[in-house]
Amino acid sequence: MNDELGRWAEPGLLVLTSLADGDKHGYAITNDIAEQVGVNLGPGTLYAALARLEERGLIEGLPAEGRRRPYRLTAAGAAELSAQAGRMQRLATLSLGRLRLGSA
């Protein structure tokens, strides 16, 4: 997908990262993201991201458990998360290296 994640990349990547730890419903995803990275996704942002990720086959909805519908990371979602995380890691390494060079 490369840059197709566009302006919703951050919420989408946060959701993919949360689901990489196991199946979760929306509330659990929101709590996980808040606890792990300190980002609070509003319901509109969360469910828009879930819909887009599901449309692209990166996650799949599982049968509802009462009022809650859990989601699962697909193989395509894991591959996309890995690719995006690698890209972000390269950017962080480059950025930190250049900052050290500039402050020397």
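Criteria and cut-off values
Residues numbered from 1 in each chain as written. Predicted model: local features only at pLDDT ≥ 70, side-chain atom pairs only at ≥ 80, totals over all residues. Heavy atoms only, no water. Helix = DSSP H or I, 4+ residues; strand = E, 2+ residues; numbered from the N terminus. Contact = heavy atoms within 4.5 Å. Salt bridge = Lys/Arg side-chain N within 4 Å of Asp/Glu carboxyl O. Pairing = 2+ DSSP bridges.

A. Representation of the environment of L46 in the model. Position of L46 relative to the elements: it lies in helix α3 (residues 43-55). Taking the C-alpha atoms as reference points, L46 and G26, 20 residues apart in sequence, are found 7.4 Å from one another. If sequence neighbours within four positions are ignored, L46 has contacts with V15, G26, I29, T30 and L41.

B. View of the pattern of salt bridges. Tallying each qualifying case throughout the model produces three salt bridges. Here R72 and D23 are joined by a salt bridge, their closest N and O atoms 3.6 Å apart. Taken together, the positions of R72 in strand β3 (residues 70-73) and D23 in the loop between α1 (9-19) and β1 (24-25) put the pair 49 residues apart, joining distant regions of the chain. A salt bridge links E60 to R72, with the nearest nitrogen and oxygen atoms 3.3 Å apart. Note that E60 is positioned in strand β2 (residues 59-61) and R72 in strand β3, a separation of twelve residues in sequence.

C. The arrangement of the sheet that holds β3 in detail. With antiparallel pairing, three strands are arranged side by side in an open sheet as β1-β3-β2. Looking at the sheet topology across the chains shown, the edges are occupied by β1 and β2. As paired strands, β1 and β3 are joined by two bridges and run antiparallel to one another. Among the inter-strand pairings, H25 is bridged to a residue of β3, identified as P70.

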